[in-house]
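# Examining the three-dimensional arrangement
Read off the chains here:
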Amino acid sequence: DKPGKLRNAGRAPVAIVQLGDSHTAADLFSGELRKLLQARYGDGGIGLVPASPVPGIRNDRVIIKSEKRQWELISARNQQSSQFPLGGYLSLPLANRSSVLLQARDEDAQRYKVSALYQSTTNAALLVNGGQRRALAISNGQWRFSPVFANAGLPLQLSVEGGRGVALGGWYLQSHKNAGVIYSTLGINGARLEVVDKWQPGWQDSLKAVKPDLVILAYGTNEAFDDKLDLALYQTQLDTTLTRLRQDLPRTAILLVGPPDSIKQRKARTCAARQPQPLASVIRIQQQMARKHQALFWDWQAYMGG
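Since we're looking at a predicted model, the values are computed, not measured.

This paragraph deals with the packing of aromatic side chains. Counted according to the given criterion, the structure contains six aromatic pairs. Taking 4.9 Å as the distance between ring centres and 50 degrees as the angle between the ring planes, the aromatic pair formed by phenylalanine 29 and tryptophan 300 counts as tilted. Linking phenylalanine 29 in helix α3 (residues 29–41) with tryptophan 300 in helix α9 (residues 300–303), this pair joins segments that are 271 residues apart in sequence. Residue phenylalanine 29 is classed as partly exposed on the basis of its relative accessible area, which comes to 30%. Take tryptophan 300: its relative accessible area is 15%, and that puts it in the buried class. Residues tryptophan 199 and tryptophan 203 carry aromatic rings whose centres are separated by 5.1 Å and whose planes lie at 80 degrees to one another, so their mutual orientation is edge-to-face. Accessibility assignment for this pair places tryptophan 199 and tryptophan 203 in one class, buried. In this structure an aromatic cluster arises from ring pairing among Phe29, Trp298, Trp300 and Tyr303.

Structural data, given as structure tokens:
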């Protein structure tokens, strides 16, 4: 029934969430797909973006800015924390009223409903443009979405009061019209599928909260570049991740995007010898696991010519 849902996207929002590595973090491939889907089915909004600026990543729709020394960013790419949210970027305010500015990358007359993915150990609040206020209830160590700021336009200044008692995991921007396609991209440079195991247990609840119609897993390139990759372990990790997603989101479509063609041994004589040695095995495992879990699989390497 998924194509039917897309055809009716003018009447109900359709949410897509893509988790992945640097291809996702750059939001070029996914950004183009977002444009195509939103042009055809309606602009449902920007989706979930990091709470504060993350060096080396971009979003095709919005630019996130802040003053220096406003936030401590902790990334699941190469740091440790027991608090990582869905997406893997933890933003901790360093001032009593740390703020960010969300700017449209291109002209944007859209009106949004905006909420924060947050944790709080104290009574805190969010402010929009220094005026409207939304209380943040104590979350008892769990990630939850804040009350919504309605009918907000870009640029938008968002501030948090509560100091070090608050942690932010992102901003969720959905069309005020509550219709069209919302396409969230949550990518980490250098990430492998196993990065989701660093996120705080229960991160799937945050994913469920945005009611995704489609979840895209776009990992595999960094696994393919590891000549010592334990293929049996990788298969187990993928099997476990898909099993859990199926349990938590039984009505959600799942799509695996295979790794693209790539060159590692530049001086080798043949195309096959130039490729990362585990590439074919990673693709094969993804195909097998997609089949087992009734997920979709798109072979990026084959699309490039194989």
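Next up on the list: the pairing of strand β13 (residues 166–175). Note on strand geometry: in a regular strand, side chains alternate between the two faces of the sheet. Summarising burial for β13: ten of the ten residues are buried, a large majority. Where strand β2 (residues 43–49) lies against β13, four bridges are found, and the strand directions are antiparallel. Directly across from leucine 48, in β13, lies its bridge partner tyrosine 172. For strand β7 (residues 112–120) and β13, the ladder comprises nine bridges, and the chain directions are antiparallel. Looking at the pairing, alanine 116 lines up with tryptophan 171 of β13.

Turning to the environment of glycine 305, a few remarks are in order. Secondary-structure assignment places glycine 305 in the segment after α9. Residues glycine 305 and alanine 224, spaced 81 residues apart in sequence, show a C-alpha to C-alpha distance of 18 Å.

Before going further, it helps to spend a moment on the sheet that holds strand β9 (residues 132–136). Pairing is antiparallel in the open sheet, where five strands are placed in the order β3-β6-β12-β8-β9. On the outer flanks of this sheet lie β3 (62–65) and β9, each paired with one strand and no other. The average undirected angle you get between the axes of adjacent strands in this sheet is 20 degrees.

Let us look at the environment of valine 166. Tracing the sequence through the fold places valine 166 in strand β13. For the pair valine 166 and phenylalanine 149, spaced 17 residues apart in sequence, the C-alpha to C-alpha distance is 18 Å. Apart from residues no more than four positions distant in its own chain, valine 166 is found in contact with Leu92, Pro93, Gln119, Ser120, Ala124, Leu136, Val160 and Glu161.

Enumeration over the complete set of coordinates arrives at two cavities of 30 Å³ or more. Roughly 70 Å³ of internal volume is contained in the largest cavity. Lining the largest cavity are 13 residues, with Asp21, His23, Ala218, Val257 and Trp300 sitting closest to its centre. Taken together, the residues of the lining of the largest cavity sort by class into seven nonpolar, five polar and one charged.

Looking now at the environment of alanine 135. Here alanine 135 is to be found in strand β9. When the C-alpha positions of alanine 135 and alanine 124 are compared, they lie 6.0 Å apart, and in sequence the two are eleven residues distant. Each residue touching alanine 135, except ones within four places of it in the same chain, is listed here: Ala124, Ala125 and Pro147.

The rules behind these values
Residues numbered from 1 in each chain as written. Predicted model: local features only at pLDDT ≥ 70, side-chain atom pairs only at ≥ 80, totals over all residues. Heavy atoms only, no water. Phe/Tyr/Trp six-rings, centres within 6.5 Å; stacked < 30°, edge-to-face > 60°. Helix = DSSP H or I, 4+ residues; strand = E, 2+ residues; numbered from the N terminus. Buried < 20%, exposed > 50% of the residue type's maximum accessible area, 1.4 Å probe, protein only. Pairing = 2+ DSSP bridges. Axes fitted to C-alpha atoms, helices over the stretch in contact; angles between N-to-C directions. Contact = heavy atoms within 4.5 Å. 1 Å grid on protein atoms, 1.4 Å probe; cavity = no way out; pocket = protein on both sides within 12 Å on 5 of 7 lines; lining within 4 Å. Points joined across faces, edges and corners; volume = space filled by probe spheres on them. Nonpolar A, V, L, I, M, F, W, Y, C, P; charged D, E, K, R; others polar.

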